[in-house]
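Structural features, examined
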Amino acid sequence: MSCRESDIIGWFDAAAESAAAQQTETLRRILWRNHTAEYLKKWLGDVDVHHLEASALESLFTSSMPLASHADLEPYIRRIADGETTPLLTQEPIATLSLSSGTTEGRPKYVPFTRHSSETTLQIFKLAAAYRSRMYPTKEKGRVLEFIYSSKRFKTKCGITVGTATTHVYASEEFKMKQHETKSYTCSPQEVISSGDYKQSTYCHLLLGIHYAEEVEYVTSTFAYSVVQAFRSFQEAWREICNDIRDGTLSSTKVTIPDVRRAVLEVLRPNPGLALKIEAKCHELERRDWVGLIPELWPNAKYVYSIMTGSMQPYLSKLSHYAGNLALISADYGSTESWIGVNMEPCLPPDKVTFAVIPTFSYFEFIPLRRQSHDTSDYQATDDFVEGDPVPLSQVKMGNEYEIVLTTFTGLYRYRLGDVVEVAGFHRNTPKLNFICRRKLILTVNIDKNTEKDLQSVVARGSQILRNTGAELVDFTSHADVGKQPGHYIIYWEIEGKVEERLLEDCCREMDAAFVDQGYIVSRKSNSIGPLELCIVEKGTFKKIMENFIANGAALSQFKTPRCTSNPVLLKILNVCTIKKFHSTAYAS
Ligand code: AMP
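Per an unreviewed UniProt entry, the protein is named Indole-3-acetic acid-amido synthetase GH3.10-like, and its organism is Salvia divinorum.

The structure is reproduced here in structure tokens:
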């Protein structure tokens, strides 16, 4: 480990040791910096923040400032987007807004983005890289095969730049610095990352990845979805990629954007030897259904690094399929609103990974959540948890679940992030969190309450049946159909490979029976919720859904398949593409 790496780990150890004091100090800095902002003044009044001790300020803040949702801050963000330059949320004017997907109900929301956002991104990238290199050292000046994508940025009529947070990061000075400071360089030039066309970018990422095959030290993307999606494309495009490698050309059908063509062609040189080698490997890989594709084609890669937790879990088995015996390292925990925690133990498998909270990044509070007894009398509740009063980071308890609340340097105050986490342990005095799920219920017809995590477990149970058939589940989503009485759940599956109808009937019944929520079970038994419906959609349906999101401003780097939808456009795509339907026979007496 280099000096620089031990420095940054030393910095984090010290911050974690004095986590409570760091938090009080972080809040003080946020409030000192922004005390003139209209939103702060509305709740804190004319208190002279400079004359209060940091701990008194903390008590004043948590007792005067209400918890907020995005909707509470939206009028202020709207005024910023419309060009108002008086201090609204922060003292410094905000010139950039990010589109957050994490808090959405199907449409992206604006969140302020400042220099602080890119600085903390650089900081956590360096910290995570230092932990990784302790376990899996990589060669200096090596290459990284990075499946990253910027979305288009646009300006509001008043000149505020809007785009996804990852897009702002890839365009920032800090992103360039990250490459120098971690001494590893992405295979693709900026023109590829920011082409705005994910298909063309993916082709170039793969082509340049092969071009630098011997130098690639690891393979990465923000969310695991993009790695899986890229290698699915590779299975179809490898012949053209090999042709381009052999001749030093760039397929004019695959890549048409002039800037991208120019930038990629500058790098490529004819390499018939490499093309021959890759072709031979691909023939062999095709015979074994592409198991171990990554280590075969990138023999010096040490690991695959990407977010594999939460809504990415369903892609893990495909990712392992491509990764063969290569280590899978689950990436850090953050959101457009703020970075939260780092994975300090890269050797842990994705289902065991925890995130140590970085106490200098934002001021974190935790709303204690207790799961409700599965008693149907509490059907008035809107979700499955009873809330306690928010506690500071220093008071969280091991084994308990919480919703995260953020106060950030970018002007969010006591903002409910909507993520449920569990305290799995501590690093010195900062908690290590397990990501549990998004809090919002996704499936509910009447007294039933099911979250994304519940749906994920049910789908995992149902798809077990496919295990020895050679077929696999590509992606899934769901919808609570209350249009007809009784309402019922619909689960949409896209499958690759052939499966007998009899087995799909079993999958459907198995999923219906696998919901453990008492509200659901009772309702199914009394038929106040109808039999679960499994709709099989044709190949490529989920790609169409992803493309629909991208067309509406999302970036592939941040894309997460919605696990439940009521969006009429998505439902139309799903219903038009449905090729088979099954109705569960579970609970049929
Ligand atoms: P976005 O708004 O697109 O930035 O997405 C942020 C959301 O992605 C978070 O609020 C989480 O729900 C989810 N997320 C981010 N990092 C992780 C992680 N390491 N594990 C699980 N979920 C994550």
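So, next bit.
Helix and strand counts for the protein stand at 20 helices and 24 strands. Rg of the C-alpha trace for the protein: 25 Å, near the compact-globule value of 25 Å for 589 residues, within the 12% margin. Taken along the three principal axes of its C-alpha coordinates, the protein extends 70 × 65 × 50 Å. Burial statistics for the protein: of 589 residues in total, 56% are counted as buried. Partitioning the contacts of the protein with sequence separation of at least 6, the portion at a separation of at least 24 is 71%. Of the roughly 24,400 Å² that the protein leaves accessible, carbon and sulfur atoms contribute 51%.

What follows deals with the packing of aromatic side chains. Per the stated rule, a full pass over the model turns up 23 aromatic pairs. Aromatic side chains Tyr136 and Tyr303 sit 5.7 Å apart centroid to centroid with 55° between the ring planes, which places their arrangement in the tilted category. Taken as a pair, Tyr136 in the loop between α6 (115-135) and β3 (142-147) and Tyr303 in strand β8 (residues 303-307) lie far apart in primary sequence, 167 residues in all. This pair shows no difference in class: Tyr136 is buried, exactly as Tyr303 is. Judged by centre distance (5.4 Å) and plane angle (70°), the rings of Tyr225 and Tyr315 are edge-to-face.

What follows is about the environment of Ala224. Inspection of the secondary structure assignment puts Ala224 in helix α11 (residues 224-247). Separated by 87 residues in sequence, Ala224 and Ser311 place their C-alpha atoms 9.6 Å apart. Apart from residues lying up to four places away in sequence, Ala224 is in contact with Ser306, Ile307, Met308, Met312 and Leu319.

If you trace the four strands from one edge of the open sheet to the other, you get β21-β22-β23-β24, paired in mixed fashion. Lying at the two open borders of the sheet, with one neighbouring strand each, are β21 (472-481) and β24 (578-583). For this sheet, the mean angle separating the axes of adjacent strands, direction not counted, is 20°. In terms of strand pairing, strand β23 (residues 533-537) meets β24 through five bridges, oriented antiparallel. When the sheet's bridge partners are listed, Val537 is paired in β24 with Thr578.

So, about the pattern of salt bridges. According to the stated counting rule, one finds 39 salt bridges in the structure shown. Residue Lys176 pairs with Glu173 through a salt bridge whose shortest N-O separation is 3.2 Å. In this pair, Lys176 and Glu173 both sit in helix α8 (residues 173-181), three residues apart, roughly one turn of the helix. Close ionic contact of Asp475 with Arg563 constitutes a salt bridge, the shortest N to O distance being 2.8 Å. Here Asp475, found in strand β21, pairs with Arg563, found in the loop between α19 (541-551) and α20 (568-576); they are 88 residues apart in sequence, far enough to count as distant. In terms of burial, Asp475 and Arg563 fall into one category: buried.

Let us now look at the sheet that holds strand β2 (residues 109-113). With respect to topology, four strands assemble into an open sheet ordered β2-β1-β5-β4, the strand pairing being mixed. Single-partner strands in this sheet number two, and they are β2 and β4 (154-155). In this sheet, strand β5 (residues 161-164) lies alongside β4 in antiparallel orientation, the contact comprising two bridges. The partner of Lys155 across the bridge, within β5, is Thr161.

Note on placement: Gln456 falls in helix α16 (residues 452-464). Since its relative accessible area comes to 11%, Gln456 is described here as buried. Beyond its immediate sequence surroundings of up to four residues, Gln456 is in contact with Gly310, Ser311, Gln313, Pro314 and Phe476.

Take the nonpolar core next. Counting 94 residues, the largest nonpolar core has Phe231, Phe234, Leu293, Ile294, Trp298 and Val342 as its most contacted members. With 12 residues, α11 is the single largest residue contributor to this core. Ranked by size, the runner-up nonpolar core spans 48 residues in total, among them Leu27, Ile77, Tyr402 and Tyr415.

Taking the numbering used here, the UniProt-annotated feature "domain: GH3 C-terminal" (unreviewed entry) corresponds to residues 453-568. The span residues 453-568 is 40% helical and 21% strand by assignment, and the distance between its end C-alpha atoms comes to 23 Å.

Glancing now at the pairing of strand β17 (residues 415-427). Looking at chain direction, strand β16 (residues 401-407) and β17 are connected through five bridges and run antiparallel. Bridged to Glu403 within β17 is Val420. By the bridge criterion, eight bridges tie β17 to strand β18 (residues 430-438) in an arrangement that is antiparallel. Bridging across to β18, Val421 finds its partner in Phe435.

Basis of the calculations
- Residues numbered from 1 in each chain as written.
- Predicted model: local features only at pLDDT ≥ 70, side-chain atom pairs only at ≥ 80, totals over all residues.
- Heavy atoms only, no water.
- Helix = DSSP H or I, 4+ residues; strand = E, 2+ residues; numbered from the N terminus.
- Rg over C-alpha atoms; globule rule 2.2 N^0.38 Å.
- Buried < 20%, exposed > 50% of the residue type's maximum accessible area, 1.4 Å probe, protein only.
- Contact = heavy atoms within 4.5 Å.
- Areas by Shrake-Rupley, 256 points an atom, 1.4 Å probe, with all protein chains shown as cover.
- Phe/Tyr/Trp six-rings, centres within 6.5 Å; stacked < 30°, edge-to-face > 60°.
- Pairing = 2+ DSSP bridges.
- Axes fitted to C-alpha atoms, helices over the stretch in contact; angles between N-to-C directions.
- Salt bridge = Lys/Arg side-chain N within 4 Å of Asp/Glu carboxyl O.
- Core = buried A, V, L, I, M, F, W, Y, C linked by side-chain atoms within 4.5 Å.
- UniProt positions renumbered as here; feature names shortened; annotations may be inferred.

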